[in-house]
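As a plain string of letters, each chain reads:
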Amino acid sequence: NKTHVQTRSVWSSGQAPPSSSLHPLCSLTPVEIETVASAIRNETDTPTRFVSISLAEPSKTELRQFAANGSVPPRRSEVLALNSQTGLACEYLVELNTNDSISATVLSTKPLERGVQPLLTPDDCDLAEQIAKESSEVQAALEERYGITDMTRVAADPWSVHLASPEDVALAQEANVELPRRLVQTFLYQRVQGDDLQ
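Residues numbered from 1 in each chain as written. Predicted model: local features only at pLDDT ≥ 70, side-chain atom pairs only at ≥ 80, totals over all residues. Heavy atoms only, no water.

Next up on the list: the layout of surface pockets. Estimated volume of the largest pocket: approximately 410 Å³. Lining of the largest pocket is provided by 17 residues; of these, D124, L127, I131, R182 and V184 occupy positions nearest its centre. Residue assignment for the lining of the largest pocket shows that the elements contributing at least two residues are strand 2 (75–83), helix 4 (122–134) and strand 6 (184–190). When residues of the lining of the largest pocket are assigned to their parent elements, the largest contribution, four residues, is made by helix 4. Among the residues making up the lining of the largest pocket, the classes are represented as eight nonpolar, five polar and four charged. (1 Å grid on protein atoms, 1.4 Å probe; cavity = no way out; pocket = protein on both sides within 12 Å on 5 of 7 lines; lining within 4 Å. Points joined across faces, edges and corners; volume = space filled by probe spheres on them. Helix = DSSP H or I, 4+ residues; strand = E, 2+ residues; numbered from the N terminus. Nonpolar A, V, L, I, M, F, W, Y, C, P; charged D, E, K, R; others polar.)

Here it is as structure tokens:
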């Protein structure tokens, strides 16, 4: 569900006044976030997962002009998104137009290098836990070492992977795999009773 992903992945102040009445440093409103996301979706025909949609802060010069004479700088958004089909990330700069009805225009698009990955989204974490718990190798190891057979009592806590060595980087950027690897490590815990983790 695109809306579900969007509302969990973006940053917003939750404010809902017209953009023209906002201070230039106010966070994007929910309506602005939705407008920015729609503008980017209209630019691409592939599924897009939004990692962050946030305010692109005006320059110091623009802020000084605003303080001096009320000249409102353009309201822009910087976006980090992941193409779900290619596994490649992209940065966008989007300008909001609030003259009559709110609209948005994509000003620039910057694809990131293969293997460069944005931070994990909640959906990434959910998927990583699902993959770990459904793995036959993980299930066999838990049963052999700890006698655990009920995977509904197992929690897989996802963490990002730090590419600390050339070997790690090579693993993430391996050329003979179709999509760049999006690596997640998980720490496993058992719920012995209730929601307690052991």
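Moving on, there is more to tell.
Here we come to the nonpolar core. Counting residues in hydrophobic clusters, the biggest one holds 16 residues, and the most contacted among them are V36, I40, F50, I53, V79, Y92 and V94. Elements represented by at least two residues in this core include exactly helix 2 (30–43), strand 1 (48–56), strand 2 and strand 3 (89–97). Looking at which element gives the most residues to this core, the answer is helix 2, with five residues. When residues no more than four places from it in sequence are discounted, the contact partners of V36 are I53, S77, V79, V94, L96 and A104. (Core = buried A, V, L, I, M, F, W, Y, C linked by side-chain atoms within 4.5 Å. Buried < 20%, exposed > 50% of the residue type's maximum accessible area, 1.4 Å probe, protein only. Contact = heavy atoms within 4.5 Å.)

Considering all chains together, one arrives at one aromatic pair under this definition. Note on W159 and F187: the rings are 6.2 Å apart at their centroids and 90° apart in plane angle, and the pair reads as edge-to-face. Of this pair, W159 sits in strand 5 (residues 154–160) while F187 sits in strand 6; the two residues are 28 residues apart in sequence, bridging distant segments of the chain. We classify W159 as partly exposed; its relative accessible area is 49%. (Phe/Tyr/Trp six-rings, centres within 6.5 Å; stacked < 30°, edge-to-face > 60°.)

If you trace the four strands from one edge of the open sheet to the other, you get 1-2-3-4, paired in antiparallel fashion. In this open sheet, the two edge strands, each paired with only one partner strand, are strand 1 and strand 4 (103–111). Strand after strand, the sheet turns through a mean of 25° between neighbouring axes, direction not considered. Judged from the eight bridges that link them, strand 3 and strand 4 form a sheet pairing that is antiparallel. Bridged to V94 within strand 4 is V106. (Pairing = 2+ DSSP bridges. Axes fitted to C-alpha atoms, helices over the stretch in contact; angles between N-to-C directions.)

Here we come to the pattern of salt bridges. Applying the stated criterion across every chain yields a total of four salt bridges. Here R75 ties to E32 by a salt bridge, and the two come within 2.6 Å at their closest N and O atoms. Here R75, found in strand 2, pairs with E32, found in helix 2; they are 43 residues apart in sequence, far enough to count as distant. When the shortest N-O distance is used, the salt bridge between R49 and D124 registers 2.3 Å. Taken together, the residues span a long stretch of sequence, with R49 in strand 1 and D124 in helix 4 at a distance of 75 residues. (Salt bridge = Lys/Arg side-chain N within 4 Å of Asp/Glu carboxyl O.)

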